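So you can see what is in the structure, the chains are spelled out below.
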Amino acid sequence: QVQLVESGGGLVQARGSLRLSCAASGRTFTSYTMAWFRQAPGKGREFVAGISWTGGSPYYADAVKGRFTISRDNAKNLVSLNMNSLKPEDTAVYYCAARVRGSPSLTGVNEFAYWGQGTQVTVSS
């Protein structure tokens, strides 16, 4: 079992940047493929980015490709999401998620067993 706690959300103007962090505790962090999802008001939860247990093979949703970067630090049990050129449509609650190994291109909500509580990101126009 792994516990996930997100931080770093907030209010930012369009074209600004934010960095989200997810701290993991519990079983060996390198056992897990990690991902970020988001959920906007009135919409379903959607995949944003995923990264393998080695830190390689990052995979992105088309909507964020070229603007967001996912990374992980296995020594610190951290996974981060750098978000640049933010748009109002990026406004959502962002969730950190984990699954035992598996491809970082797995994008389904049901593929991930462990979730954080979420952090709000609001982008004003």
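What counts, and at which threshold
Residues numbered from 1 in each chain as written. Predicted model: local features only at pLDDT ≥ 70, side-chain atom pairs only at ≥ 80, totals over all residues. Heavy atoms only, no water. Helix = DSSP H or I, 4+ residues; strand = E, 2+ residues; numbered from the N terminus. Rg over C-alpha atoms; globule rule 2.2 N^0.38 Å. Buried < 20%, exposed > 50% of the residue type's maximum accessible area, 1.4 Å probe, protein only. Pairing = 2+ DSSP bridges. Axes fitted to C-alpha atoms, helices over the stretch in contact; angles between N-to-C directions. Phe/Tyr/Trp six-rings, centres within 6.5 Å; stacked < 30°, edge-to-face > 60°. Core = buried A, V, L, I, M, F, W, Y, C linked by side-chain atoms within 4.5 Å. Contact = heavy atoms within 4.5 Å. Salt bridge = Lys/Arg side-chain N within 4 Å of Asp/Glu carboxyl O.

*Asks:* Would you mind going over the overall build of the chain in detail, with residue names and values included?
*Replies:* Assigned secondary structure in the chain consists of zero helices and eleven strands. Taken from the N to the C terminus, the helices and strands of the chain come in the order β-β-β-β-β-β-β-β-β-β-β. The C-alpha radius of gyration computed for the chain amounts to 13 Å, which stays within 12% of the reference 14 Å derived for 125 residues, consistent with globular compactness. The dimensions of the chain, computed from C-alpha atoms along their principal axes, are 40 × 25 × 25 Å.

*Asks:* Explain the pairing of strand 7 (residues 68-73) to me, and be specific about the residues and the numbers.
*Replies:* Of the two faces of strand 7, only one is covered, namely that formed by F68, I70 and R72; the face formed by T69, S71 and D73 stays uncovered. Connecting strand 7 to the antiparallel partner strand 8 (residues 78-83) that follows it, the hairpin turn spans four residues, and N77 within it adopts a positive phi of roughly 55 degrees.

*Asks:* Give me the lowdown on the sheet that holds strand 3 (residues 18-26), citing residues and values where you can.
*Replies:* The antiparallel open sheet is built from four strands, whose spatial order is 1-3-8-7. Looking at the sheet topology across the chains shown, the edges are occupied by strand 1 (2-7) and strand 7. Strand-to-strand twist of the sheet, defined as the mean angle between neighbouring strand axes without regard to direction, takes the value 15 degrees. In terms of strand pairing, strand 3 meets strand 8 through six bridges, oriented antiparallel. Across the sheet, C22 pairs through a bridge with V79, a residue of strand 8.

*Asks:* Describe the packing of aromatic side chains, and please don't skip the residues or the numbers.
*Replies:* Inspection of the entire model under this criterion finds seven aromatic pairs. Taking the centre distance of 5.8 Å and the plane angle of 85 degrees together, the rings of Y32 and Y114 count as edge-to-face. Residue Y32 is located in strand 4 (residues 32-39), and its partner Y114 is located in strand 10 (residues 114-115); the two are separated by 82 residues in the primary sequence. Plain terms: the ring middles of F37 and F112 are 5.3 Å apart, the flat faces sit at 75 degrees to each other, and that makes the pair edge-to-face. Of this pair, F37 sits in strand 4 while F112 sits in the loop between strand 9 (92-100) and strand 10, and the two are 75 residues apart along the sequence.

*Asks:* If you had to explain unusual backbone geometry to someone new, which residues and values would you point to?
*Replies:* The backbone of N77 shows a phi angle near 55 degrees, a positive value even though the residue is not glycine. Of note, N77 is situated in the loop between strand 7 and strand 8. Even without being glycine, R101 reaches a positive phi, approximately 45 degrees. For R101, a relative accessible area of 37% puts it in the partly exposed group.

*Asks:* Tell me about the nonpolar core, residues and numbers included.
*Replies:* As a rule of thumb, soluble globular proteins bury nonpolar side chains together. Ranked by size, the top nonpolar core spans 37 residues in total, and within it L4, M34, W36, L81, M83 and Y94 carry the most contacts. Breaking this core down by element, the ones donating at least two residues are strand 1, strand 3, strand 4, strand 5 (46-51), strand 7, strand 8, strand 9 and strand 11 (119-124). Non-local contacts of M83, meaning those with residues more than four positions away in its chain, are made with G16, S17, L18, L20, R67, F68, Y94 and V121.

*Asks:* Describe the pattern of salt bridges, listing the residues and the values that go with them.
*Replies:* This structure, assessed with the given rule, holds five salt bridges. The salt bridge involving D90 is made with R67; its shortest N-O contact spans 2.8 Å. Residue D90 is located in the loop between strand 8 and strand 9, and its partner R67 is located in the loop between strand 6 (59-60) and strand 7; the two are separated by 23 residues in the primary sequence. Here R67 falls in the buried class, since its relative accessible area comes to 11%. In this structure, E111 engages R99 in a salt bridge whose closest nitrogen and oxygen atoms are separated by 3.1 Å. On the criterion of sequence distance, the pair formed by E111 in the loop between strand 9 and strand 10 and R99 in strand 9 is long-range, its members being twelve residues apart. Note on R99: relative accessible area 18%, which makes it buried.

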